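What the coordinates show
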Amino acid sequence: MVMNLALSTTLHTTFADAVERTRKALSEQGFGILTEIDMKATLKAKLGEDMEDYLILGACNPPLAHRAVNVDRQIGLLLPCNVVVRADTATENSVIVDAMNPALMVEVTGEPGLNDVADDATTKLRAAIDSLTAHRA
């Protein structure tokens, strides 16, 4: 069985609006943004390559991160939970938001003690993703 890499949704809005709404939705679920990588700007600056708007947000929910690290100190290699906001190259005025599927932590480590943490993280990330399409900002 192949596990889904991401929890995803598509928004029909501008890239800037999608980023703002994603930040707000994550915050409402207790996630802060620890890192931010603008892939479009980075690839242009470092390689001279063009690509669509593509932002990686490193989201962290401190209580969940603490629980996970207490189960397996190496789990920090898979933290924070990455959330990608990217322009849909196939559809104009469409933006895809992908959040890392927390179940991957359990799958990759084989550590059953991470199941509850991954389930809680999935619930919070799914709520954030679902809220993006449930109401307009």
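Here the structure is a predicted model, which is why all the values come from computation and not from measurement. (Residues numbered from 1 in each chain as written. Predicted model: local features only at pLDDT ≥ 70, side-chain atom pairs only at ≥ 80, totals over all residues. Heavy atoms only, no water.)

Of note, Asn61 is situated in the loop between strand S3 (54-60) and helix H3 (62-71). At a separation of 3.2 Å, a polar atom in the side chain of Asn61 contacts the main-chain carbonyl oxygen of Gln29. Apart from the residues lying within four places of it in its own chain, the contact partners of Asn61 are Gln29, Gly30, Phe31 and Lys124. (Helix = DSSP H or I, 4+ residues; strand = E, 2+ residues; numbered from the N terminus. Polar contact = N/O pair within 3.5 Å; in protein donor to acceptor, adjacent residues only side chain to side chain. Contact = heavy atoms within 4.5 Å.)

This part takes up the sheet that holds strand S5 (residues 95-100). Within the open sheet, the 5 strands sit side by side as S1-S5-S4-S3-S2. Their pairing is antiparallel. For this open sheet the edge positions go to strand S1 (6-11) and strand S2 (32-38), each flanked by a neighbour on one side alone. Averaged over neighbouring strand pairs, the angle between their axes works out to 20 degrees when direction is ignored. Two elements, strand S4 (residues 81-87) and S5, share 5 bridges in a ladder whose sense is antiparallel. Residue pairing for S5: Val83 is matched across the bridge by Ala99. Helix H2 (residues 39-47) rests against S2 and S3 of the sheet, and its axis sits at about 35 degrees to S2. (Pairing = 2+ DSSP bridges. Axes fitted to C-alpha atoms, helices over the stretch in contact; angles between N-to-C directions.)

Among the 7 residues that make up S3, 6 are buried, leaving the element largely enclosed by the rest of the structure. Here 6 bridges tie S2 to S3, and the two strands are oriented antiparallel to one another. When the bridges of S3 are listed, Asp38 appears paired with Leu55. The pairing of S3 with S4 spans 6 bridges and is classified as antiparallel. Looking at the pairing, Ala59 lines up with Cys81 of S4. (Buried < 20%, exposed > 50% of the residue type's maximum accessible area, 1.4 Å probe, protein only.)

Turning our eyes to something else, we now look at the UniProt feature "domain: DUF302" (unreviewed entry) in the protein. Mapped onto this numbering, the UniProt entry gives "domain: DUF302" (unreviewed entry) at residues 37-102. Secondary structure content for residues 37-102 is 29% helix and 33% strand, while the C-alpha to C-alpha distance between its ends is 20 Å. (UniProt positions renumbered as here; feature names shortened; annotations may be inferred.)

Let us now look at H3. Among the residues making up H3, those that are buried are Leu64, Ala65 and Ala68. Each buried residue of H3 sits inside an arc of 100 degrees when the element is viewed along its axis, so together they form one side. Turned more than 90 degrees away from the buried face of H3, the exposed residues are Pro62, Pro63 and His66. Of the surrounding elements, those touching the buried residues of H3 are S3 and helix H5 (115-134). (Arc of directions from axis to C-beta.)

Residue position: Asp38 is located in strand S2. Sequence separation between Asp38 and Pro112 is 74 residues; the distance between their C-alpha atoms is 34 Å. What Asp38 contacts, discounting residues up to four positions off in sequence, is Tyr54 and Leu55. At 3.0 Å, the side chain of Asp38 forms a polar contact with the backbone nitrogen of Ala41.

With respect to the helices and strands, Ala41 occurs in helix H2. The spatial distance from the C-alpha of Ala41 to the C-alpha of Tyr54 is 8.8 Å, given a sequence separation of 13 residues.

This part takes up the side chain of Asp98. Checked against the element boundaries, Asp98 lands in strand S5. A polar contact is formed between the side chain of Asp98 and the side chain of Arg86, at a distance of 2.9 Å. Residues contacting Asp98, with those up to four places away along its chain left out, are Ala6, Leu7, Ser8, Asn82, Val83, Val84 and Arg86.

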